[in-house]
Amino acid sequence: MLAQLRPAVTLLIAFTLLTGLAYPLAMVEVSEALFPSQARGSLVVKNGAVVGSSLIGQTFAEDRYFHPRPSAAGNGYDAAASSGTNLGPTSAKLAERLKTDAAALRAAGVEGPIPADAITTSGSGLDPDISPANAMTQVARVAKARNVDEALVRDLVTAHIEQPQLGMFGDPRVNVLALNLALDTAAPVAPASPAPSNAAPATVSGS
């Protein structure tokens, strides 16, 4: 019995150490050496501080920023609760939300066809990108909030359109965080006045 059990236990321990410890550690070292930025989370740094990741979307709610697509992850873009709505095309709840969101966009001045990603959530709820069409529908609002020419904002959007990988995988897209950071550089706005000491702190809507 022991003669049969010993090889099995030995192999179990050996492969546990090999595939559960040695191999993962080796892959971490290789990825750190070959792809250091990606291995550390594709972090985006501004003025020495991490402001986000190019792979994880975040909420931007102020008019002066481009907004991401809606998110069903937690309270919105919660990286600890990645998820979609799980609502199907026949869901009355989904239809009502889409109708409400579309009406809000119309009230904000959006004309013409509404891009699908402007009112629908992604499967992960953490999508960092929006379609070029979605970005273009927001140009007028952003330009007005920053008191700049729409052409400047439109040119920034065009410059940040990323094409499908290898020309065939995925769709053209715009990274919202990268666009908003470029927007702050090209068309900065004066910081808001400090809130009175007895006022509630302002909500930060983006980096």
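The shown structure was predicted, so the numbers you read here are calculated from the model rather than taken from an experiment. (Residues numbered from 1 in each chain as written. Predicted model: local features only at pLDDT ≥ 70, side-chain atom pairs only at ≥ 80, totals over all residues. Heavy atoms only, no water.)

## Section: the nonpolar core
Ranked by internal contacts, the top residues of the largest apolar core, which has 20 residues, are Phe66, Ala135, Val153, Val157, Leu179 and Leu183. Going through the elements one at a time, α5 (139–146), α6 (150–159) and α7 (176–186) are the ones with two or more residues in this core. (Core = buried A, V, L, I, M, F, W, Y, C linked by side-chain atoms within 4.5 Å. Buried < 20%, exposed > 50% of the residue type's maximum accessible area, 1.4 Å probe, protein only. Helix = DSSP H or I, 4+ residues; strand = E, 2+ residues; numbered from the N terminus.)

## Overview of the sheet that holds strand β3 (residues 129–130)
Reading across the sheet, the three strands line up as β3-β5-β4 and stay open at both edges, with antiparallel pairing between neighbours. Of all the strands in the sheet, the pair left with one neighbour each is β3 and β4 (161–162). In this sheet, strand β5 (residues 173–175) lies alongside β4 in antiparallel orientation, the contact comprising two bridges. Residue pairing in the sheet places Glu162 in a bridge with Arg173 of β5. On top of the sheet, α7 reaches β3 and β5; it is set at about 60° to β5, its chief contact. (Pairing = 2+ DSSP bridges. Contact = heavy atoms within 4.5 Å. Axes fitted to C-alpha atoms, helices over the stretch in contact; angles between N-to-C directions.)

## Topic: the packing of α5 against α6
Two numbers describe how α5 lies on α6: the axes approach to 9 Å, and their chain directions differ by 125°. Here α5 lies oblique to α6, going by the angle between them. As α5 packs across α6, the resulting crossing turns out to be right-handed. The segment α5 lies against α6, with Val139, Ala140, Val142 and Ala143 engaging Glu150, Val153, Arg154 and Val157. Tallied by class, residues from the contact of α5 with α6 come to six nonpolar, no polar and two charged. (Parallel < 35°, antiparallel > 145°, perpendicular 65-115°, else oblique. Left-handed = near helix turned anticlockwise from the far one by under 90°. Nonpolar A, V, L, I, M, F, W, Y, C, P; charged D, E, K, R; others polar.)

## Quick word on the pairing of strand β1 (residues 43–46)
The pairing of β1 with strand β2 (residues 49–53) spans four bridges and is classified as antiparallel. Bridging from a neighbouring strand, Lys46 pairs with Ala49 of β2. Counting the residues that bridge the hairpin from β1 to β2 gives two residues, and of these Asn47 lies at a positive phi of roughly 55°.

## Observations regarding the domain arrangement of the protein
Each domain of the protein was delimited in the assignment, giving domain 1 (13–41) and domain 2 (54–186). One C-alpha centre belongs to domain 1, the other to domain 2; they are set 35 Å apart. (Domains from an automatic or database assignment.)

## Section: a nonpolar patch on the surface
Where nonpolar side chains cluster on the molecular surface, the patch consists of Leu2, Leu5, Val9, Ile13, Leu17, Leu21 and Leu25 and spans about 660 Å² of accessible area. Position of Val9 among the secondary structure elements: in helix α1 (residues 2–34). What makes Val9 partly exposed here is its relative accessible area of 38%. (Patch = residues over 30% accessible without salt bridge, like charges linked within 9 Å, V, L, I, M, F, W, Y side chains within 5 Å. Areas by Shrake-Rupley, 256 points an atom, 1.4 Å probe, with all protein chains shown as cover. Salt bridge = Lys/Arg side-chain N within 4 Å of Asp/Glu carboxyl O.)

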